Amino acid sequence: MEKIEVTGKTVEEALINAALQLETSSDNLEYEVIEKGSNGLFGFINSKPAKILVSKKQEENAEIIEEITVEETEEVKPEKVVDKGAVEDKIRKFLNDIFKTMDLEVTIEISFNDDDSIDINLIGGDMGVLIGKRGQTLDSLQYLISLVANKEGGKYFRVKLDTENYRERRKATLESLAKNIAYKVKRTRRPVSLEPMNPYERRIIHSTLQNDKYVSTKSEGEEPFRHVVVFMKKQ
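In short, a report on the structure. Just so you know, these numbers come straight off a predicted model, no measurement behind them.

It is worth spelling out the pairing of strand β5 (residues 117-124) at this point. The sheet contact formed by strand β4 (residues 106-112) and β5 spans 7 bridges and is antiparallel. Across the sheet, residue Ile 108 finds its bridge partner in β5, namely Leu 122. Between β4 and β5, which follow one another and run antiparallel, lie 4 residues, and Asp 116 among them has a positive phi close to 65 degrees. When β5 meets strand β6 (residues 158-163), the two strands line up parallel, connected through 6 bridges. From the neighbouring strand, Ile 120 faces β6, where its bridge partner is Leu 161.

What follows is the structure in structure tokens.
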């Protein structure tokens, strides 16, 4: 399978991003590290993202599978069964340890979905500190939870962390922003570059304007400074 280039703050995050893009588990990926990445001065000045080349592992040839005998088939180890209850316990312990350190009282709601995704909702009195600027703290915490949930391997869980319905409110804000920027581009006929966003937020901008007859979108730059550019289509 053709390899794709994927970036992230760390090699581990890049691997998770690759698993999301290729819709598979991280243990079903083959990858080569191009750049390990660095945090830079103060965590952001001259920082460089990690960069990897990734592809899915090749499936066994059908002819070879047909040659397996009954005895050999019986010896094949079954797929590892993941205990969702154990995964939930690990997530709760991880979050409770963080909230205890931050002296926060937070109610944690966790639900597993049929598509192997996990919805986590946090309820408390001061959730603004967990959201952070443009949701950066919430995104970082979501990433760490994903590492905890997928530490044992066997099945990849996609984690969605939310509080005070921030994700939906942010989505509505970005959709409105996309439409306003599109109007400006049509009026001035000049491209407009938006602020750096994470992959999820960039997809909202692309999706909102994908059916617009007059403008188009593209992503430019390297993580964590990758951003969306809105520009006029060639008529």
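Moving on, we get to the packing of aromatic side chains. Enumeration according to the criterion identifies 1 aromatic pair in this entry. Both rings, one in Phe 112 and one in Phe 157, keep their centres 5.7 Å apart while their planes meet at 80 degrees; by these two values the pair is edge-to-face. One end of the pair, Phe 112, is in strand β4; the other, Phe 157, is in the loop between α6 (136-149) and β6, with 45 residues separating them in the sequence. For Phe 112, a relative accessible area of 22% translates into the label partly exposed. The residue whose ring lies beneath Lys 218 is Phe 231, and the NZ or CZ to ring-centre distance is 5.3 Å.

So, about the sheet that holds β6. With mixed pairing, the 3 strands of this open sheet are ordered in space as β4-β5-β6. In this open sheet, the two strands that pair with only one neighbour each are β4 and β6. On average, each strand axis in the sheet is tilted by 20 degrees relative to the strand beside it, whichever way the strands run. In this fold helix α4 (residues 84-101) packs onto β4 and β5, with an angle of close to 155 degrees to the strand it touches most, β4. Where α6 meets the sheet, its contacts fall on β5 and β6, and the angle it forms with β6 comes to roughly 140 degrees.

In terms of nonpolar packing, the biggest core is built from 23 residues, with Ile 91, Leu 95, Phe 99, Ile 118, Ile 120, Leu 122 and Ile 145 touching the most fellow members. Of all the elements in the fold, those that place two or more residues in this core are α4, β4, β5, α5 (128-131), α6 and β6. Apart from the residues lying within four places of it in its own chain, the contact partners of Ile 91 are Ile 110, Ile 118, Ile 120, Ile 145, Val 148 and Ala 149. Residues Ala 182, Val 185, Val 228 and Met 232 belong to the second largest nonpolar core, which totals 15 residues.

With that settled, consider the pattern of salt bridges. Under the definition given, this model contains 13 salt bridges. Between Arg 92 and Glu 88 there is a salt bridge; the shortest N-O distance is 3.1 Å. Note that Arg 92 and Glu 88 are positioned in helix α4 at a spacing of 4 residues, about one turn of the helix. Accessibility expressed as a relative area gives 22% for Glu 88, which makes it partly exposed. Its salt-bridge partner being Asp 212, residue Lys 186 comes within 3.0 Å of it at the nearest N-O pair. Residue Lys 186 is found in helix α7 (residues 166-188), and its partner Asp 212 is found in the loop between α8 (199-209) and β8 (215-220); the two are separated by 26 residues along the sequence. One connected set of salt bridges, linked through shared partners, spans Arg 134, Arg 170, Glu 195 and Glu 201.

Rules used throughout
Residues numbered from 1 in each chain as written. Predicted model: local features only at pLDDT ≥ 70, side-chain atom pairs only at ≥ 80, totals over all residues. Heavy atoms only, no water. Pairing = 2+ DSSP bridges. Helix = DSSP H or I, 4+ residues; strand = E, 2+ residues; numbered from the N terminus. Phe/Tyr/Trp six-rings, centres within 6.5 Å; stacked < 30°, edge-to-face > 60°. Buried < 20%, exposed > 50% of the residue type's maximum accessible area, 1.4 Å probe, protein only. Lys NZ or Arg CZ within 6 Å of the ring centre and 35° of its normal. Axes fitted to C-alpha atoms, helices over the stretch in contact; angles between N-to-C directions. Contact = heavy atoms within 4.5 Å. Core = buried A, V, L, I, M, F, W, Y, C linked by side-chain atoms within 4.5 Å. Salt bridge = Lys/Arg side-chain N within 4 Å of Asp/Glu carboxyl O.

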